[in-house]
Amino acid sequence: MIEVLRAAGEVQAFLEQHGWPFAFIGGLAVNRWGRARLTNDADICLYTDIGGEEAYIDALMDRSTPRRADAKDFALISRVVLLTSERGYGVDVSLGAFEFERRAVDRGSLYTFPEGVELRTVSAKDLVVYKAFAGRPQDWIDVEGILVRQEGKLDWGTLINEFTPLCELKEAPETIDRLLALRDSLASG
């Protein structure tokens, strides 16, 4: 884990040098807010808005090795830059454009991991939104861990206000019900 944290710290230093708004959103953030788990990559939201993404992509790819031959084209279409750090770990940089992503990055804060590496991560409530929106099996395991560890500390009003428009955009309003059912089952269990 220490090597992934160090790789993440190097990427963070690069983003800070450029003054770009960002926060870690994946497994590293889960280790801050939820159940500790191993991760072999770093997931970052870099808020770029719409337009001008190519400059961000080029700078990131000049700094780190792309993981695909068509990395730039992939990033322009998917809004995710897939890189390998100097230390050989995966770094997935999501190019944020939604207002939620801007607010989540703005609400991010620094956290010093037990290994002594300080990283900027999204808040616990924003991480729940990211994970529930992604909706993969591991994401729901992560959401449960965050809800257990942050019991009584989450601002559910803001969380649901941020999550609802994303679920509407995804045409998956049932995801809100799933999240609330999980919260209620944990509270009653």
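Below you will find a few notes about this structure. (Residues numbered from 1 in each chain as written. Predicted model: local features only at pLDDT ≥ 70, side-chain atom pairs only at ≥ 80, totals over all residues. Heavy atoms only, no water.)

Between helix 1 (residues 2-18) and helix 3 (residues 53-63), whose axes approach to 12 Å, the crossing angle comes to 135°. Taken together, helix 1 and helix 3 sit at an angle that is classed as oblique. Considering only the axes of helix 1 and helix 3, their crossing is right-handed. Seen from helix 1, the contacting residues are Glu10, Val11, Phe14 and Leu15; seen from helix 3, they are Ala59, Leu60 and Arg63. Looking at side-chain class alone, the contact of helix 1 with helix 3 contains five nonpolar, no polar and two charged residues. (Axes fitted to C-alpha atoms, helices over the stretch in contact; angles between N-to-C directions. Helix = DSSP H or I, 4+ residues; strand = E, 2+ residues; numbered from the N terminus. Parallel < 35°, antiparallel > 145°, perpendicular 65-115°, else oblique. Left-handed = near helix turned anticlockwise from the far one by under 90°. Contact = heavy atoms within 4.5 Å. Nonpolar A, V, L, I, M, F, W, Y, C, P; charged D, E, K, R; others polar.)

Across four bridges, the pairing between strand 6 (residues 109-112) and strand 7 (residues 118-121) is antiparallel. What sits directly across from Thr112, in strand 7, is Glu118. Adjacent in sequence and paired antiparallel, strand 6 and strand 7 are bridged by five residues, among which Gly116 carries a positive phi angle near 90°. (Pairing = 2+ DSSP bridges.)

For the rest of this paragraph, the subject is the environment of Ile2. Residue placement: Ile2 occurs in helix 1. For Ile2, a relative accessible area of 27% translates into the label partly exposed. Distance from Ile2 to His18, taken between C-alpha atoms, is 25 Å for residues 16 residues apart in sequence. With near-sequence residues (within four places) excluded, Ile2 lies in contact with Glu115 and Val117. (Buried < 20%, exposed > 50% of the residue type's maximum accessible area, 1.4 Å probe, protein only.)

Another aspect to go through is the side chain of Asp41. Here Asp41 lies in strand 2 (residues 41-47). One buried charged residue, Asp41, remains without a salt bridge, the closest side chain of opposite sign being Arg67 at 5.7 Å. The contacts of Asp41, once residues within four sequence positions are left out, are Val4, Leu28, Gly90 and Asp92. (Lys, Arg positive; Asp, Glu negative; His and termini not counted. Salt bridge = Lys/Arg side-chain N within 4 Å of Asp/Glu carboxyl O.)

Within the largest apolar cluster, 31 residues are counted, with the highest numbers of intra-cluster contacts made by Val128, Val143, Leu147 and Leu179. Those residues in contact with Leu179 that lie beyond four places of it in its chain are Val128, Trp140, Val143, Leu147, Trp156, Leu159, Ile160 and Phe163. With 28 residues, the next largest nonpolar core counts Leu15, Ala59, Val81 and Leu95 among its residues. (Core = buried A, V, L, I, M, F, W, Y, C linked by side-chain atoms within 4.5 Å.)

Assignment of secondary structure puts Ser123 in the loop between strand 7 and helix 6 (124-134). On the basis of relative accessible area, Ser123 is assigned to the buried category, the value being 13%. Among the polar contacts listed, one links the side chain of Ser123 to the side chain of Asp126, at a separation of 3.0 Å. (Polar contact = N/O pair within 3.5 Å; in protein donor to acceptor, adjacent residues only side chain to side chain.)

Let us now look at the pairing of strand 5 (residues 90-96). With six of its seven residues buried, strand 5 lies for the most part within the structure. Here seven bridges tie strand 2 to strand 5, and the two strands are oriented parallel to one another. Looking at strand 5, one finds that Asp41 is bridged to Gly90. Judged from the five bridges that link them, strand 4 (residues 80-84) and strand 5 form a sheet pairing that is antiparallel. Across the sheet, residue Val81 finds its bridge partner in strand 5, namely Val93.

Any aromatic ring pair is given by two values, namely how distant the centres are and how the planes are angled relative to each other. In total, this model carries five aromatic pairs according to the counting rule given. Measuring from centroid to centroid gives 6.3 Å for Phe22 and Phe24, while their planes differ by 90°, and the two rings are edge-to-face. Note on accessibility: Phe22 and Phe24 belong to one class, buried. In textbook terms, an aromatic cluster arises when at least three aromatic residues are bridged by ring pairs, as seen for Phe14, Trp20 and Tyr56. One cation-aromatic arrangement involves Lys170 over Phe133; the distance from NZ or CZ to the ring centre is 4.6 Å. The ring of Trp156 carries the charged tip of Arg183 above its face, separated from the ring centre by 4.8 Å. (Phe/Tyr/Trp six-rings, centres within 6.5 Å; stacked < 30°, edge-to-face > 60°. Lys NZ or Arg CZ within 6 Å of the ring centre and 35° of its normal.)

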